[in-house]
Amino acid sequence: MSWTDERVELLKKLWADGLSASQIAAELGGITRNAVIGKVHRLGLSGRAKSPSSASPRPRKTRSSGHMMRVSRPAMRGNTALAYDYEEAVEPDLVEIPIEQRKTLLQLTEKTCRWPVGDPGSTEFFFCGGEANEQTYCTFHSRLAYQPMSDRRRDKQRPQFRG
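So, how was this worked out
- Residues numbered from 1 in each chain as written.
- Predicted model: local features only at pLDDT ≥ 70, side-chain atom pairs only at ≥ 80, totals over all residues.
- Heavy atoms only, no water.
- Helix = DSSP H or I, 4+ residues; strand = E, 2+ residues; numbered from the N terminus.
- Buried < 20%, exposed > 50% of the residue type's maximum accessible area, 1.4 Å probe, protein only.
- Contact = heavy atoms within 4.5 Å.
- Lys, Arg positive; Asp, Glu negative; His and termini not counted.
- Salt bridge = Lys/Arg side-chain N within 4 Å of Asp/Glu carboxyl O.
- Polar contact = N/O pair within 3.5 Å; in protein donor to acceptor, adjacent residues only side chain to side chain.
- Arc of directions from axis to C-beta.
- Phe/Tyr/Trp six-rings, centres within 6.5 Å; stacked < 30°, edge-to-face > 60°.

**Details of the environment of Y146**
Reasoning step 1: For Y146, the position within the fold is in the loop between α5 (139–145) and α6 (149–152).
Reasoning step 2: According to the relative accessible area criterion, Y146 is partly exposed, its value standing at 43%.
Reasoning step 3: Along the primary structure Y146 and Q135 are separated by eleven residues, whereas in three dimensions their C-alpha atoms are 9.9 Å apart.
Reasoning step 4: Not counting residues within four places of it along the chain, the set of residues in contact with Y146 comprises Q135, T136 and Y137.

Right, here's the structure in full:
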């Protein structure tokens, strides 16, 4: 379909008469609503005046003050689809690892906890060195490393260790 001069004139007339883009598309035939909107935009046709019914604001209904009361809800902003109701994490006491328990990489065995503590680039870096259970870590560090799926979804802070 191409825009002939006759079709453009009919479009202008129908637009001025207040027909919707869908109605104009049906009247012209073989054209979509979006094509009509695009052509109206390219032609620079003015927006039409609003009908008297939509131009004036509707009168508000008066409320009876007896039977209903509006309850305010806490305001939530942003994307609430991923908002979780987090439990407040209680800051655990800082765990002190005794100096005699600390191990270097070369001192680790299958029976020692391999939980790293500190910055690997610093001279104060060490491994926990506590008694390991069946897994790689001691009981305390196993609870931190192997969390149930529901706990992993929460944004909890891990305890800090003092060396």
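**Quick notes on the side chain of R7**
Reasoning step 1: Looking at the secondary structure, you find R7 in helix α1 (residues 5–16).
Reasoning step 2: For the buried R7, which has no salt bridge, the nearest side chain bearing the opposite charge is E6, at an N-O separation of 8.1 Å.
Reasoning step 3: Within the local environment of R7, its side chain forms a polar contact with the backbone oxygen of L28, the two atoms lying 3.3 Å apart.

**Some points on the pattern of salt bridges**
Reasoning step 1: As enumerated under the stated definition, the model contains two salt bridges in all.
Reasoning step 2: The closest approach of N and O atoms between K13 and D17, which form a salt bridge, is 2.9 Å.

**A closer look at helix α2 (residues 21–28)**
Reasoning step 1: What α2 keeps buried is the set A21, I24, A25 and L28. With its buried residues spanning 100° around the axis, α2 presents them on a single face. The exposed set on the far side of α2, more than 90 degrees from its buried face, consists of A26 and E27.
Reasoning step 2: At its buried positions, α2 is contacted by α1 and α3 (33–43).
Reasoning step 3: Of the residues trailing α2, G29 is marked for its positive phi of about 75°.

**Things to note about the packing of aromatic side chains**
Reasoning step 1: All chains considered together, the criterion is met by two aromatic pairs.
Reasoning step 2: Seen in terms of ring centroids, W115 and Y137 are 5.3 Å apart; in terms of plane orientation they differ by 75°. Their pairing is edge-to-face. Of this pair, W115 sits in the loop between β1 (95–96) and β2 (116–117) while Y137 sits in the loop between β3 (126–127) and α5; the two residues are 22 residues apart in sequence, bridging distant segments of the chain. Taken as a pair, W115 and Y137 share a single burial class, namely buried.
Reasoning step 3: With a centroid separation of 5.2 Å and 75° between ring planes, the pair formed by F125 and F127 is classed as edge-to-face.
Reasoning step 4: Its relative accessible area of 21% is what places F125 among the partly exposed residues.
Reasoning step 5: The class for F127 is buried, based on a relative accessible area of 12%.

Take it as geometry only, folks, not as evidence of what the structure does.
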